[in-house]
Amino acid sequence: LNVMTKIHFGCGWNFLEGWDNTDMVIPPNLTKEQEAHIKIIDVTKTLPYESDSVDFIFHEHMIEHIDEVDGYNFLTECYRVLKPGGVMRLSCPSIDGAMQVYQNWDNVSDEFKEEYGFLTKARFINHFIYYEAAGYTGKKFSPEGEIKYVNNPDYWHKYMYDREDFSYKLDYIGFNEVNFVNKHKSQYNELKGLERRFGGKFKSFPTETDITLETIK
């Protein structure tokens, strides 16, 4: 029986059945039973999988939380462990998508603007660049206009990607093709409907603010 090996990096609270659900730390507020489902793997180190041994890799809003060099090395490690023909699917914040939202601000939903206090498009883009950055400290106005102090943890966003950056790096590493896809859509049954980013507190976010791609070894 040929069992597929599927690895989910940065799983957080999103446990995928039939996958190795891994994260760098145990998320808070889990039961002991839930904790038992998570493998602790530091993605900035050599991945504990043999070369050419993995069928599918998935990670969502994880890679922007490590710096550019660690991110590149992680992508290289993903290439190493994937079987020839294996596929990696990822999503993360998108610089070009954020610029698209900025340039088409009048078409963005009022719900999104009001929920996050984005009274102007400048406040949106500053949120994207500064207010989610690892280690950022400063002050900003809350949606109610009050002064709010910002002191971000060092595990927040450390490098932001766009389509060109991913295409260049993945091609240089050796991946055969890079396909930018829509959330939940895939030609592979194993990769359909995986993203959870567009539910819950993120439901009002414009989908353009994300990159979702699949790349093949």
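Please refer to the structure higher up on the page.
Summarised in this report is the structure supplied together with it. Predicted, not measured: the structure shown is a model, and the values here were computed from it.

Criteria and thresholds
Residues numbered from 1 in each chain as written. Predicted model: local features only at pLDDT ≥ 70, side-chain atom pairs only at ≥ 80, totals over all residues. Heavy atoms only, no water. Pairing = 2+ DSSP bridges. Helix = DSSP H or I, 4+ residues; strand = E, 2+ residues; numbered from the N terminus. Axes fitted to C-alpha atoms, helices over the stretch in contact; angles between N-to-C directions. Disulfide = S-S within 2.5 Å. Salt bridge = Lys/Arg side-chain N within 4 Å of Asp/Glu carboxyl O. Buried < 20%, exposed > 50% of the residue type's maximum accessible area, 1.4 Å probe, protein only. Parallel < 35°, antiparallel > 145°, perpendicular 65-115°, else oblique. Left-handed = near helix turned anticlockwise from the far one by under 90°. Contact = heavy atoms within 4.5 Å. Nonpolar A, V, L, I, M, F, W, Y, C, P; charged D, E, K, R; others polar.

**Some words on the sheet that holds strand β3 (residues 38–40)**
- Taken in spatial order, the 7 strands line up as β3-β2-β1-β4-β5-β9-β8 in an open sheet, and their pairing is mixed. Taken across any chain shown, the strands that pair with only one partner, and hence form the sheet edges, are β3 and β8 (177–180). For this sheet, the mean inter-axis angle between neighbouring strands, taken without regard to orientation, is 20°.
- Pairing geometry for strand β2 (residues 20–23) and β3, over 3 bridges, is parallel.

**Thoughts on the state of the cysteines**
- Applying the stated rule across the entire model yields 0 disulfides.
- The closest cysteine sulfur to the non-disulfide-bonded C78 is located on C92, 13 Å from its own sulfur.

**A word on the pattern of salt bridges**
- Here the structure, examined in full by the defined rule, presents 10 salt bridges.
- Among the salt bridges present, the one from K83 reaches D55, with a minimum N-O distance of 3.2 Å. On the criterion of sequence distance, the pair formed by K83 in strand β5 (residues 82–93) and D55 in strand β4 (residues 54–60) is long-range, its members being 28 residues apart.
- Residues R89 and E195 are paired through a salt bridge, measuring 2.6 Å at the closest nitrogen-oxygen approach. Linking R89 in strand β5 with E195 in the loop between β8 and β9 (210–216), this pair joins segments that are 106 residues apart in sequence. Of the two residues examined, R89 and E195, each falls in the buried class.
- Within the structure, one salt-bridge network assembled from shared partners comprises E68, D165 and K169.

**Some details on the packing of helix α2 (residues 68–81) against helix α6 (residues 163–173)**
- In the contact formed by α2 and α6, the axes pass within 10 Å of each other and the chain directions differ by 45°. Here α2 is positioned oblique relative to α6, judged by the angle of their axes. Crossing geometry of α2 relative to α6 is assigned as right-handed. In this structure, α2 uses E68, Y72, L75, T76 and Y79 to contact α6, whose residues at the interface are F166, K169, L170, Y172 and I173.
- Each residue belonging to the contact of α2 with α6 can be placed in one class, and the counts come to 7 nonpolar, 1 polar and 2 charged.

**Let's talk about the environment of V87**
- Among the structural elements, V87 can be located in strand β5.
- Once the C-alpha coordinates of V87 and N21 are considered, the two residues, 66 residues apart in sequence, prove to be 17 Å apart.
- In this view, V87 contacts D55, F56, I57, L82, Y188, L191, E214, T215 and I216; residues no more than four positions away in its chain are not counted.

**Some remarks on the environment of G85**
- Topologically, G85 is positioned in strand β5.
- Through-space distance from the C-alpha of G85 to that of I216 is 5.8 Å; in sequence the pair is 131 residues apart.

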